[in-house]
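Chain and residue survey
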Amino acid sequence: MVIRELIAEIKEILRSAGIEDYDFDGNCIAEDFLGLSGTQLLLNADEEADETSAKRAVKAAEKRAAGYPLQYILGKWEFYGMPFEVGEGVLIPRPDTEILVDTVIEYYRSPRKNMRIIDLCSGSGCIAVALKKNIPEAEVTAVENSSEAMPYLVRNARLNDTVLRYIKGDVMNGALLDNFAAPENVGEFIKFGCIVSNPPYLTAEEMSELQTEVGYEPKYALDGGLDGLKFYRVIACLWKEVLEDNGLLAFEAGYHQCGQVAEIMRKSGFYDVSVRKDLGGNERVIFGFKSPEKEDLA
């Protein structure tokens, strides 16, 4: 079978299964399994495809047609112009999350004394790695609870030549703050200039109606509790203890949740809370600054 015919077969398998982006997905599968770039596929369209590679490509197309995520099939996906390894057990990086990274990078364009950044619910590490790559002088700590996701986090930092600090633990557990105890001041914490997080935020109803593809992604990285807001409540209240006064807290949330998350932040002691829209024009990122703690004058 020549390459042109193979690509046509792959795309037809996807199209017949109702895959909306069958043309894009088909090209990605062909490029990956044949080991050729898009340009090489065109230039060599009438050459014979390697039989073993062709069979693997067709099987991959059939797997994609059944709803398996393209990103997991390829084993790697791009985020912020960088490659990230992905697979079952770790959330797939999405373009809308780049707006969250943009927000933090813009914050650090002005001179900042505190260059410590902490990424909560880090997953694949896409946020932490992108921030370290674009703010090289920053000390970035990535916190992740999943034993399945942690290896991806570590490998992706190495893949993109970045050095992170890793902490494994549940951000909902206050005991995790002990990792940031100030060595010289009992009862005090090492302070960060920025906390960033893309936590699980799907509601119970949304979890029950997941699309086939999303259903393959880890539930722990999606489930935000009954109303999808439990992580925001805990992070805004608990984790502000390690955020310096006037430090930045930035979240990603569902487009219908931003107003609620903004209110949670205000009630938790954050000011100048703002919302940014994603590439599709939906509200996606909420950020604000920690109000300075009032000194006890008694």
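Scroll up for the structure.
The text that follows walks through the structure, step by step, so that each part is easy to find.

1. Quick look at the overall build of the protein
Helix and strand counts for the protein come out as 11 helices and nine strands. Taken along its principal axes, the extent of the C-alpha atoms in the protein is 85 × 40 × 30 Å. Counting the 298 residues in the protein, one finds 50% classified as buried. The long-range fraction of contacts in the protein, counting pairs at least 24 apart against all pairs at least 6 apart in sequence, stands at 63%. Accessible surface computed for the protein: about 14700 Å², of which carbon and sulfur atoms make up 48%. Where the 32 positive side-chain charges of the protein centre and where its 50 negative ones centre are 4 Å apart.

2. A few points about the sheet that holds strand β4 (residues 139-144)
Reading across the sheet, the seven strands line up as β5-β4-β3-β6-β7-β9-β8 and stay open at both edges, with mixed pairing between neighbours. Pairing within the sheet leaves two strands with one partner each, and these edge strands are β5 (165-168) and β8 (270-277). Looking at each pair of strands side by side, their axes are set apart by 15 degrees on average, direction ignored. The pairing of β4 with β5 spans four bridges and is classified as parallel. When the sheet's bridge partners are listed, Ala-142 is paired in β5 with Tyr-166. Its contacts with the sheet place helix α8 (residues 150-159) against β4 and β5, and it is angled at close to 180 degrees to β5.

3. Observations regarding the side chain of Asp-278
Structurally, the position occupied by Asp-278 is in the loop between β8 and β9 (283-290). Reaching out from Asp-278, the side chain makes a polar contact with the side chain of Arg-284 at a distance of 3.0 Å. With residues up to four places along the chain from it excluded, the contact list for Asp-278 reads Asp-96, Ile-99 and Arg-284.

4. Overview of the side chain of Lys-290
Within the secondary structure, Lys-290 is located in strand β9. The exposure class of Lys-290 is buried, given its relative accessible area of 3%. Within polar-contact distance, the side chain of Lys-290 engages the backbone oxygen of Lys-240 at 2.8 Å.

5. Focus: the pattern of salt bridges
Enumeration over the complete set of coordinates arrives at 14 salt bridges. Salt-bridge contacts for Glu-12 lead to Arg-15; the nearest nitrogen and oxygen are separated by 2.8 Å. Taken as a pair, Glu-12 and Arg-15 lie in helix α1 (residues 3-16) at a separation of three residues, close to a single helical turn. Since its relative accessible area comes to 35%, Glu-12 is described here as partly exposed. For Arg-15, a relative accessible area of 42% gives the class partly exposed.

6. Some points on the packing of aromatic side chains
For the structure on display, the rule yields 11 aromatic pairs. Plain terms: the ring middles of Phe-79 and Phe-84 are 6.1 Å apart, the flat faces sit at 80 degrees to each other, and that makes the pair edge-to-face. Accessibility expressed as a relative area gives 0% for Phe-79, which makes it buried. With relative accessibility at 0%, the residue Phe-84 sits in the buried group.

7. Focus on the packing of α1 against helix α4 (residues 51-65)
Put simply, α1 and α4 touch, their axes get as near as 8 Å, and they point 15 degrees apart. Regarding the angle of α1 to α4, the classification is roughly parallel. Note on packing geometry: the crossing formed by α1 with α4 is right-handed. Of the residues in α4, those touching α1 at Leu-6, Glu-9, Ile-10, Ile-13 and Leu-14 are Ala-54, Ala-57, Val-58, Ala-61, Glu-62, Arg-64 and Ala-65.

8. Topic: the pairing of strand β1 (residues 76-79)
Alternating residues of β1 divide into Trp-77 and Phe-79, all buried, and Lys-76 and Glu-78, none buried. Direction of pairing for β1 relative to strand β2 (residues 82-85): antiparallel, over a ladder of four bridges. Bridge pairing in β2 places Phe-79 opposite Met-82. Here β1 hands over to β2 after two residues, with Tyr-80 in that stretch at a positive phi of 55 degrees.

What counts, and where the lines are drawn
Residues numbered from 1 in each chain as written. Predicted model: local features only at pLDDT ≥ 70, side-chain atom pairs only at ≥ 80, totals over all residues. Heavy atoms only, no water. Helix = DSSP H or I, 4+ residues; strand = E, 2+ residues; numbered from the N terminus. Buried < 20%, exposed > 50% of the residue type's maximum accessible area, 1.4 Å probe, protein only. Contact = heavy atoms within 4.5 Å. Areas by Shrake-Rupley, 256 points an atom, 1.4 Å probe, with all protein chains shown as cover. Lys, Arg positive; Asp, Glu negative; His and termini not counted. Charge placed at Lys NZ, Arg CZ, Asp CG, Glu CD. Pairing = 2+ DSSP bridges. Axes fitted to C-alpha atoms, helices over the stretch in contact; angles between N-to-C directions. Polar contact = N/O pair within 3.5 Å; in protein donor to acceptor, adjacent residues only side chain to side chain. Salt bridge = Lys/Arg side-chain N within 4 Å of Asp/Glu carboxyl O. Phe/Tyr/Trp six-rings, centres within 6.5 Å; stacked < 30°, edge-to-face > 60°. Parallel < 35°, antiparallel > 145°, perpendicular 65-115°, else oblique. Left-handed = near helix turned anticlockwise from the far one by under 90°.

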